[in-house]
Amino acid sequence: MSEVPASPSGTTGSPNGSASGGEVSPYVELERAAWAELAGTAETVLTPDEVVRLRGLGDALDLREIEQVYLPLSRLLSLYVAANSRLHREQEEFLHRVTPPRTPFVIGLAGSVAVGKSTTARVLQQMLAHWPEHPHVELVTTDGFLLPNAELERRGILHRKGFPESYDRKALLKFVIDIKSGRDEVEAPIYSHLVYDVLPDEKVVVKRPDIVIIEGLNVLQPARVRDDGRTGLAVSDFFDFSVYVDAALTDIKRWYVDRFLRLRETAFRDPASYFRKYAALSHDEAVDQATRIWDSINEPNLVQNVAPTRSRANLVLRKDADHSVRYVRLRKL
Ligand SMILES: Nc1ncnc2c1ncn2[C@@H]1O[C@H](COP(=O)(O)OP(=O)(O)O)[C@@H](O)[C@H]1O
Ligand SMILES: CC(C)(COP(=O)(O)O)[C@@H](O)C(=O)NCCC(=O)O
């Protein structure tokens, strides 16, 4: 199994955030302790009850992690939102326009299957919503833009769910453009992990939020070169900030298998579950099955498509084996 390098070459940094050894890099890297200090004296904005709700399926996400890692991150993002608002006002003055409301601040959140994107996105959503300047934070996952199973089957790519070509990329791009055009209401399709397919009759409606978090495997993919040789737009062209959640490949694989084992005890038992056949597997059979799915779909997608987009993010959260964030790497301004 190949290892995803911790940071691209030339991006090492000392714990205090300055590039070491005279190396010049466009990133500042902060070890956990230095990053945690940036939380300042502010009280945590989430109650223990809220943290319990946010935990998803894991249990390592505790208040300490919230305070030391996600609180500084939400403060930093809040700074970007405020700066973006100021720039918006100044641009409108420059253009001699009567200031229309600014468009939502869009945050892209990328990373492997099972690295903790959904958990991170839900934490950020709750934390950002606590700041009075931007109370309305929407979260949209890109799985709603997967092609329906019938279409994936027609194209012979049902086994490549999550690869860039398994999405309706045009619809996803239109969704982000509509958000950044300031449309009052924008709809997105919904994917169900239970039925393993897009729900044809259900939509999520995003109504003039202050912030939209768009979470998904491929949100940092660069624009594609079209058949006519021209390069199109990418959803990331419309991001105001982007985050990549990163970890060692061996850890992510273990988290994937562990989650599969937990789902075998819970969601797979639901009669409506596409995976109900897995509920009857023994522990060892379930480990084998999860490993097969990981090795044939999710790891190749991570290595070929997802990990190469890491250095495009404004910020990388690098996790240790227990999900705790070991360092944060931020693009310089
Ligand atoms: N910060 C965290 N602390 C503890 N457990 C976590 C954390 N982030 C994710 N997990 C656990 O790791 C697994 C994968 O996380 P999830 O958010 O579902 O990943 P993704 O959305 O990237 O597929 C889940 O079992 C989740 O509960
Ligand atoms: C739905 C996903 C493609 C993730 O989509 P995303 O929201 O990141 O766009 C992924 O979680 C998935 O189900 N992959 C298929 C292979 C597997 O079962 O792990």
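Just so it is clear, the model here is predicted, and its values are computed rather than measured.

## Things to note about the overall build of the protein
Part 1 of the reasoning: In terms of regular secondary structure, the protein is built from nine helices and nine strands.
Part 2 of the reasoning: By residue count, 49% of the 333 residues in the protein fall in the buried class.
Part 3 of the reasoning: At a minimum sequence separation of 6, the contacts of the protein that also span at least 24 residues come to 69%.

## Some words on the UniProt feature "binding site: ATP" (unreviewed entry) in the protein
Part 1 of the reasoning: Listed under "binding site: ATP" (unreviewed entry) in the UniProt record, and renumbered for this structure, are Gly-111, Ser-112, Val-113, Ala-114, Val-115, Gly-116, Lys-117 and Ser-118.
Part 2 of the reasoning: Mapped onto the secondary structure, Gly-116 falls in the loop between strand 2 (105–111) and helix 4 (117–129).
Part 3 of the reasoning: Within the secondary structure, Ser-118 is located in helix 4.
Part 4 of the reasoning: For Ser-118, a relative accessible area of 34% gives the class partly exposed.

## Side note on the side chain of Lys-319
Part 1 of the reasoning: If you trace the backbone, Lys-319 turns up in strand 8 (residues 315–319).
Part 2 of the reasoning: Buried within the structure, Lys-319 lacks any salt-bridge partner; Glu-65 is the closest side chain of opposite charge, at an N-O distance of 7.3 Å.
Part 3 of the reasoning: At 2.9 Å, the side chain of Lys-319 forms a polar contact with the side chain of His-323.
Part 4 of the reasoning: Other than its neighbours up to four places away in sequence, Lys-319 contacts Tyr-70, Val-115, Gly-116, Val-245, Asp-246, Ala-247, Trp-255, Ser-324, Val-325 and Arg-326.

## As for the site of ligand 2
Part 1 of the reasoning: The local shell around ligand 2 holds 14 residues, among which Thr-142, Tyr-167, Leu-217, Tyr-256 and Asn-298 are the closest.
Part 2 of the reasoning: With respect to ligand 2, the side chain of Thr-142 contributes an N or O atom lying 2.5 Å from an oxygen atom.
Part 3 of the reasoning: For ligand 2, an oxygen atom lies 2.9 Å from a polar atom in the side chain of Tyr-256.
Part 4 of the reasoning: Protein chains shield 92% of the accessible area of ligand 2, which is 470 Å² for the free molecule.
Part 5 of the reasoning: Residue composition of the shell around ligand 2, grouped by class: six nonpolar, five polar and three charged.

## Points about the pairing of strand 8
Part 1 of the reasoning: Counted residue by residue, strand 8 has five buried out of five residues, so it is predominantly covered.
Part 2 of the reasoning: Residue alternation in strand 8 divides its side chains into two sets, Leu-315, Leu-317 and Lys-319 and Val-316 and Arg-318, and both sets are buried.
Part 3 of the reasoning: Here four bridges tie strand 7 (residues 241–246) to strand 8, and the two strands are oriented parallel to one another. Following the sheet pairing, Tyr-244 is matched in strand 8 by Val-316.
Part 4 of the reasoning: Relative to strand 9 (residues 325–331), strand 8 is paired through five bridges, and the arrangement is antiparallel. Residue pairing across strands places Lys-319 opposite Val-325, the latter belonging to strand 9.
Part 5 of the reasoning: Between strand 8 and the antiparallel strand that follows it, strand 9, lie five residues; His-323 among them carries a positive phi value of about 80°.

## Regarding the UniProt feature "domain: Phosphoribulokinase/uridine kinase" (unreviewed entry) in the protein
Part 1 of the reasoning: What UniProt calls "domain: Phosphoribulokinase/uridine kinase" (unreviewed entry) maps, in this numbering, to residues 106–248.
Part 2 of the reasoning: Spanning residues 106–248, this segment combines 22% helix with 29% strand, and its end C-alpha atoms are found 27 Å apart.

## Topic: helix 6 (residues 169–180)
Part 1 of the reasoning: The first and last C-alpha atoms of helix 6 sit 17 Å apart over 12 residues, in line with the 16 Å expected at 1.5 Å per residue.
Part 2 of the reasoning: All of the buried residues in helix 6 are Leu-172, Leu-173, Phe-175, Val-176, Asp-178, Ile-179 and Lys-180.
Part 3 of the reasoning: On the buried face of helix 6, the contacting elements are strand 2, strand 3 (137–141), strand 4 (185–192), strand 5 (197–207) and strand 6 (211–215).

Reading guide: rules and limits
- Residues numbered from 1 in each chain as written.
- Chains lettered and ligands numbered in written order.
- Predicted model: local features only at pLDDT ≥ 70, side-chain atom pairs only at ≥ 80, totals over all residues.
- Heavy atoms only, no water.
- Helix = DSSP H or I, 4+ residues; strand = E, 2+ residues; numbered from the N terminus.
- Buried < 20%, exposed > 50% of the residue type's maximum accessible area, 1.4 Å probe, protein only.
- Contact = heavy atoms within 4.5 Å.
- UniProt positions renumbered as here; feature names shortened; annotations may be inferred.
- Lys, Arg positive; Asp, Glu negative; His and termini not counted.
- Salt bridge = Lys/Arg side-chain N within 4 Å of Asp/Glu carboxyl O.
- Polar contact = N/O pair within 3.5 Å; in protein donor to acceptor, adjacent residues only side chain to side chain.
- Near = heavy atom within 4 Å.
- Areas by Shrake-Rupley, 256 points an atom, 1.4 Å probe, with all protein chains shown as cover.
- Nonpolar A, V, L, I, M, F, W, Y, C, P; charged D, E, K, R; others polar.
- Pairing = 2+ DSSP bridges.
- Expected span 1.5 Å × (residues − 1).

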